[in-house]
Amino acid sequence: MKKATTEATVDRETRRAAAAPSAPPPAGADCAPAAMPEESPRSSLASGGSKPIGQAELARAREIFESYRRGRANFEKRIVEDELWWELRHWELTDREGRSRRGTCSSCAPGAASGGTEPPPASAWLFNAILNKHADAMDNYPEPAVLPRERSDEGSARILSSVLPVVLEQNRFEETYADAWWEKLKHGTAAYGVFWNSEKLNGLGDIDIVGLDLLNLFWEPGITDLQKSANLFITELRDTGELEARYPQYAGRLGGGTDVKEYLYDDTVDNSGKAVVTDWYYRRATPSGRTVLHYAKFCGDCLLYASENEEAYRERGYYDHGMYPVVLDVLFPEKGTPAGFGYVAICKDPQRFIDSLSANIRETAMMNTRRRFFVSTSTGINEEEFLDWSGRPLVHVEGDLGDARVREISPAPLSGVYLDVMRMKVEEMKDTASNRDVNSGGGAGNGVTAAAAIAALQEAGNKTSRDMIAASYRAHTRVTELCIELMRQFYDFSRAFRVTGKDGDFSFVRFSNELIRDREAGVDADGETLYRRPVFDLKIRAQRSNPFSRMERNARAQELYGAGFFRPENAQASLIALEMMDFEGIDAVRDQVRQGQTLANQLEQAQKELEQARREAQAARQEARRASQELAMTRQRMARAGMAPGPSVSGPVGQAAPMGAARPGGMGPSGPSGAARGSDPGSAPGPGPASRSPAQPYLPVAFAKAHSRAFPASTGSIMGSGVRRTGYQQRLAERSRPRLG
C-alpha cells in the first residue's frame, strides 16, 4: 500500500519524559547544518585528565587523514573535471596555448584554424544521455517493505513498513535521492549519510538522511568496501564565528585547518572566514572482545568531541550497529576503490571529438558563406565603396578590370564524408550510453508509430537502466537498515505517525523501539540470559511507474482480454498460459482468473440445481395432470356402471358421497336396488349415517368389490391394489385410506 507521509508527532507526556534528567541522552550528540553528528561544548576534554583521545591521538588522526587525502588526488581531480563536462564548460580545461591538460594536441582544439577567436562549441549529447538516465531512475522511485523472519515479528514488520516511509518523507529523501542520482551518473558514485540528530523534534531527536559530497569523504586507499576502511573522515566548511560561539574555549584557534579540494565555481567564493571541521569515525576493540564504532570531531589541532572519552560510550560505542554511517551507491565499479566512474568518464572522449569536428565544420561553413576577393594593388579600387553593401550602385576603379586583378576567393566545399563521420560519433555515444532514440520517446524514424510498440521497445532497451536502478535499490536497502538500527537504539519513547493509504484515508500509528529491541529468549547452560534480536528482510519496490509502463500494462491487459484469458470457461487454459508468462502484477491476474473460475463453477452448479428443480416441478405437474385425467375417467366408468362417484369433483380426490345421500340415477344408499344387504327387497331402506357403526366402511363393501371387479386398474390406483403407484396416486391413496378402512 502506498503511504503518504507527514511529520511525526510526539505527545506532551513524551516530551516531558525526554526532558527529564533521568532520561538517558541519545548519544549526547547535536547535529551540524549538514546533518553530521556534533557534540555540544560540554566535552570532557576541557575538564582535563587522562582520556583515551588526547592531543597525541588527534595528531595521529590528522596524519592518517593527510595520507588518505594524498592517496586520492587523482580521484579528486577527475571529480572536478567531470563536473565541468556536465556543465558544458569542458573547454575551460584547455589552457591558452590550446593544449589540453589531458594531452589533446593544439591542432585539435576548437578555433585553432581561426586563431582561437571563435567560441568553442559544446554540444549536449553527453548531457542528454545523463538526463534520460536520471528520468528513468525517478520514474522508479523506491519504497521499502519490511518482511519478518519469524511469525512473532509480523506485527513489528507491518508497523515498520508504515513508519519507514514517514521517516524518509520527513528527511525529504526523494530530493536527496534525485541529487544522489545526478552524482552517480556524473561521477559514478553517490554517497548517503545516515546520522542521528538529537536536535530534531524539539530535542527529542530523529534520523537524518543526507547526501554527501565525494570531495568531503575520505577513506583508506586500496580498499573496495567502505566498511573495511580503518578510518573514515567527513569534512565540512563551517563559519569560524559560528564555531567560536559554540566552542568558546577554543576562541581564536579554530581558523584555517586542512585544505580540501574545491570545485571551479562561476562565482567568486571567499573561504577566508571558514574553517574545515572533520568528523572522524574509527573502530576500537573493547576489553570484552567486542569491536565498537567511535566518533570524534576536530578542527585543526582542537578536539571538539570524542565519544571514547565519554564513560557512557567507551564500551558501548557511538552507534550500536557498529557500521560507518555512510552508504555508497556505485555505477561502474573500479578495482582498489569503493567508488566508481560514471557516464562522463566513458562519453567525454566522443563528446570532445564531436565538438572539435563541429567547430571545424562550422568554421568551413562560415568561410564558404562569407565572400572574399583577391585584389591587385595596382587596380585602384575604392575599398570603401567596394565593401559598402548598403546599396551604392557604383564602385569606382582606376585602370582596367579583369580576373587577373580582381578574383573571388572560392574555398573548397566540405565533403559529406566528414558529416557522416560526426554522425557516426554521435551514434557511437548513443550506443555507449544506451541512450537510443526510442529511449527518449522516438521511434517514428524507424517505422514504429504505435504507442504500445514504442513502449515495448523502450522496455527492451532499458536493460542498462534497470540494472542501475537495481543497484540503487540495494543501496537503498542498506540505508533503510541503518534507519532501523537507529530506531532500535534511540526510539526509546513512543512516537505518533500519520499514515495515508491509497484511498486517501489515514490512520495514526504509534511506534517505539519496544517492538524491535532485544528480547529475552531464555538462559544458557551457565545460567546466562539469552536475548533474541528481531531481524527483518527488506524488499524494495518501485513506488510509481512511468506513463509508458502504464501504457504497456494497459495494452497487455487488452491483449489478454481479447485472447479470452478472463473468460471463466477458459480459466484452466489461462492459468497454464500465465504460468509460462512473467510480468509485473502477474500474481494478481492469476488470483482474478482463479476467482473467476470459482464463480463460474458456483454459477454452473446453481444452474444445474435450478434445472433439476425445474424438471422435477414439470414432472410433478405432468403427474398431477395424469392423475386428474385418470380420476375423471374413473368417474365416467363408474357412472356408466351405475355407480356414482362423489357428489362433487371439487372435494378431496377419492372422497365418496356420504351414506344415504342422493346419487345420480336414483341409486339409494344401499346399492343399486336401494335395499340393505341381508334384507329382502321389500324391506325399508337401510340405516343412514347416524345408524352406521364406526367400523363400517364409508363406502359399502359391495360397492367397493363391484368397483374393483369392474375397474381393476383404476381401483388399484385409488384403493391400494398391487398396481404400481405414482407419487400423486400414492398421495391419493394416503388420503383415501382412513375413510375406506
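Within each chain, residues carry numbers counting from 1 in the order of the written sequence. Totals for whole chains, interfaces and linings use every residue, but because this is a predicted model, local features are given only for residues with pLDDT of at least 70 and side-chain atom pairs only at 80 or more, for both listing and counting. Heavy atoms throughout the structure, all of them, feed into the side-chain values; hydrogens and water do not.

1. Comments concerning the nonpolar core
Moving on, step 1. Counting residues in hydrophobic clusters, the biggest one holds 89 residues, and the most contacted among them are I207, L217, Y281, Y319 and M487.
Moving on, step 2. When residues no more than four places from it in sequence are discounted, the contact partners of I207 are V167, N171, V194, F195, W196, K200, C483, L486, M487 and Y491. By nonpolar core is meant a set of buried Ala, Val, Leu, Ile, Met, Phe, Trp, Tyr and Cys residues that side-chain atoms within 4.5 Å join together. Think of it in three bands: residues with accessible area under 20% of the maximum for their type are buried, residues over 50% are exposed, and the middle band is partly exposed, with areas taken using a 1.4 Å probe on protein chains only. Residue contacts are counted whenever heavy atoms from the two residues lie within 4.5 Å of one another.

2. Some remarks on the sheet that holds strand β11 (residues 302-306)
Moving on, step 1. DSSP calls a pair of strands paired once it identifies at least 2 bridges connecting them. By definition, any uninterrupted DSSP run of H or I lasting at least four residues is a helix, any uninterrupted run of E lasting at least two residues is a strand, and each is numbered from the N terminus. Taken in spatial order, the 5 strands make up an open sheet running β7-β8-β9-β10-β11, and their pairing is antiparallel. A strand with exactly one partner marks an edge of an open sheet, and here the two such strands are β7 (217-218) and β11.
Moving on, step 2. Alignment of strand β10 (residues 291-299) against β11, held across 4 bridges, turns out to be antiparallel. Considered in β11, the bridge of F298 is made with L303.

3. Let's talk about helix α3 (residues 73-86)
Moving on, step 1. One less than the number of residues in a helix, times 1.5 Å, gives the span that helix is expected to have. Here α3 is 14 residues long and its end C-alpha atoms lie 20 Å apart, about the 20 Å a rise of 1.5 Å per residue gives.
Moving on, step 2. Among all positions of α3, only F75, E76, R78, I79, V80, E81, D82, E83, L84, W85 and W86 are buried.
Moving on, step 3. Elements that come into contact with the buried residues of α3 comprise α2 (55-71), α4 (125-138), α6 (173-187), β7, β14 (340-341) and α9 (343-369).
Moving on, step 4. Just beyond α3, the residue with positive phi is L88, at close to 60°.

4. As for unusual backbone geometry
Moving on, step 1. Within the chain, L88 stands out as a residue other than glycine whose phi angle is a positive 60°.
Moving on, step 2. Mapped onto the elements of the fold, L88 is located in the loop between α3 and α4.
Moving on, step 3. One non-glycine residue, L201, lies in the positive phi region at around 55°.
Moving on, step 4. What makes L201 buried here is its relative accessible area of 17%.

5. As for the environment of Q489
Moving on, step 1. By secondary structure assignment, the location of Q489 is in helix α13 (residues 463-490).
Moving on, step 2. By relative accessible area, Q489 is classed as buried at 7%.
Moving on, step 3. Along the sequence, Q489 and R517 sit 28 residues apart, while their C-alpha atoms lie 7.8 Å from each other.
Moving on, step 4. Look past the residues within four positions of Q489 in its chain and what remains in contact with it is R316, Y318, Y319, D320 and N513.

6. Brief notes about the packing of α6 against α13
Moving on, step 1. Lines fitted to the C-alpha atoms define the axes, with helices restricted to the stretch that makes contact. Angles between their N-to-C directions range from 0 to 180 degrees. At a minimum axis separation of 12 Å, α6 and α13 run at an interaxial angle of 130°. On the basis of their axis angle, the class for α6 and α13 is oblique. Crossing hand, α6 versus α13: right-handed. Residue-level contacts link F173, Y177, W181, K184 and L185 of α6 to M468, I469, A471, S472, Y473 and H476 of α13.
Moving on, step 2. Amino acids outside the nonpolar list (Ala, Val, Leu, Ile, Met, Phe, Trp, Tyr, Cys, Pro) and the charged list (Asp, Glu, Lys, Arg) are all regarded as polar, and Gly is one of them. Residues belonging to the contact of α6 with α13 are distributed by class as follows: 8 nonpolar, 2 polar and 1 charged. Reported orientations rely on four angle classes, namely roughly parallel under 35 degrees, roughly antiparallel over 145, roughly perpendicular from 65 to 115, and oblique for the rest. The handedness criterion is simple: a crossing whose near helix is rotated anticlockwise from the far helix by less than a right angle is left-handed, and one whose near helix is rotated clockwise is right-handed.

7. What about the pairing of strand β19 (residues 519-523)?
Moving on, step 1. Among the 5 residues that make up β19, 0 are buried, leaving the element largely open to the surroundings.
Moving on, step 2. Bridging between β19 and strand β20 (residues 529-532) involves 4 bridges; their strand directions are antiparallel. If you follow G522 over to β20, its bridge partner there is L530.
Moving on, step 3. The turn joining β19 and β20, which pair antiparallel and follow one another in sequence, is formed by 5 residues; a positive phi near 85° is taken by G527.

8. A look at the pairing of strand β12 (residues 326-330)
Regular strands have side chains that alternate between both faces of the sheet.
Moving on, step 1. Counting buried positions along β12 gives 4 out of 5 residues, so the element sits mostly inside the fold.
Moving on, step 2. Relative to β12, strand β5 (residues 189-197) runs antiparallel, the two sharing 5 bridges. The partner of G193 across the bridge, within β12, is V326.

9. Here's the deal with the pattern of salt bridges
Moving on, step 1. One speaks of a salt bridge when a side-chain nitrogen belonging to Lys or Arg is within 4 Å of a carboxyl oxygen belonging to Asp or Glu. The final tally for this structure, using the stated rule, is 35 salt bridges.
Moving on, step 2. R238 is the partner of E242 in a salt bridge, and the nearest nitrogen-oxygen pair spans 3.0 Å.
Moving on, step 3. Classification of R238 by relative accessible area gives buried; the value is 3%.
Moving on, step 4. Here K608 and E604 are joined by a salt bridge, their closest N and O atoms 3.7 Å apart. Of this pair, K608 and E604 both sit in helix α16 (residues 586-640), 4 residues apart, roughly one helical turn.
Moving on, step 5. With relative accessibility at 40%, the residue E604 sits in the partly exposed group.
Moving on, step 6. Salt bridges linked by common partners bring R78, D82 and E334 together as one network.

10. Overview of the packing of aromatic side chains
Moving on, step 1. Ring pairs are drawn from Phe, Tyr and Trp, using the six-membered ring of Trp, whenever the two centres fall within 6.5 Å, and their geometry is named by plane angle: stacked under 30 degrees, edge-to-face over 60, tilted for the rest. Going through the model one piece at a time under the given rule, you end up with 24 aromatic pairs.
Moving on, step 2. Consider the rings of F332 and Y343, whose centres lie 5.5 Å apart with planes at 75°: the pair is edge-to-face. You can see F332 sitting in strand β13 (residues 332-333) and its partner Y343 sitting in helix α9, a full 11 residues away along the chain.
Moving on, step 3. Between Y491 and F511, the aromatic rings sit 6.1 Å apart at their centres with planes inclined by 65°, giving edge-to-face as the arrangement. You can see Y491 sitting in the loop between α13 and β17 (495-500) and its partner F511 sitting in strand β18 (residues 506-511), a full 20 residues away along the chain. Just as Y491 is buried, F511 falls in that class too.
Moving on, step 4. Here the aromatic cluster, defined as three or more aromatic residues joined through ring pairs, consists of W196, Y281, Y295, Y305, Y313, Y318, Y319, F490, Y491 and F511.

11. Structural notes on the state of the cysteines
Moving on, step 1. We call a pair of cysteine sulfur atoms a disulfide when they lie within 2.5 Å. Counting across every chain of the model gives 0 disulfides.
Moving on, step 2. Free of any disulfide, C299 has its nearest neighbouring cysteine sulfur in C302, separated by 6.5 Å.

12. Section: the sheet that holds β12
The strands making up a sheet are joined through hydrogen bonds of the backbone, oriented either antiparallel or parallel.
Moving on, step 1. Pairing in this open sheet of 3 strands is antiparallel, and the strands run β6-β5-β12 from one edge to the other. Since the sheet does not close on itself, it has two edges, and those belong to β6 (206-212) and β12, each with one partner. Neighbouring strand axes in the sheet, compared pairwise and without regard to direction, differ in orientation by 20° on average.
Moving on, step 2. Where α6 meets the sheet, it contacts β5, β6 and β12, and its direction lies at approximately 150° from that of β5.

13. Some remarks on the confidence of the model for the chain
Moving on, step 1. A residue's pLDDT is the confidence the predictor assigns to it, expressed on a 0 to 100 scale. Per-residue confidence for the chain gives a mean pLDDT of 75, with 70% of residues at or over 70.
Moving on, step 2. Ranking the elements of the chain by mean pLDDT puts helix α1 (residues 12-19) last, at 39, and β12 first, at 96.
Moving on, step 3. Under a pLDDT of 50 for its full length, residues 95-109 has, in the predicted model, 18 contacts with residues more than four places off or in other chains.
Moving on, step 4. Here residues 710-723 is a poorly scored stretch, pLDDT under 50, and it has 22 contacts once near neighbours within four places are set aside; other chains count.

14. Quick look at the packing of α3 against α6
Moving on, step 1. The N-to-C vectors of α3 and α6 enclose an angle of 105°; their axes lie 10 Å apart at closest approach. It follows that α3 is roughly perpendicular to α6 by the angle criterion. Between α3 and α6, the residues in contact are R78, I79, D82, E83 and W86 and W182, K186 and H187, respectively.
Moving on, step 2. Residues belonging to the contact of α3 with α6 are distributed by class as follows: 3 nonpolar, 1 polar and 4 charged.

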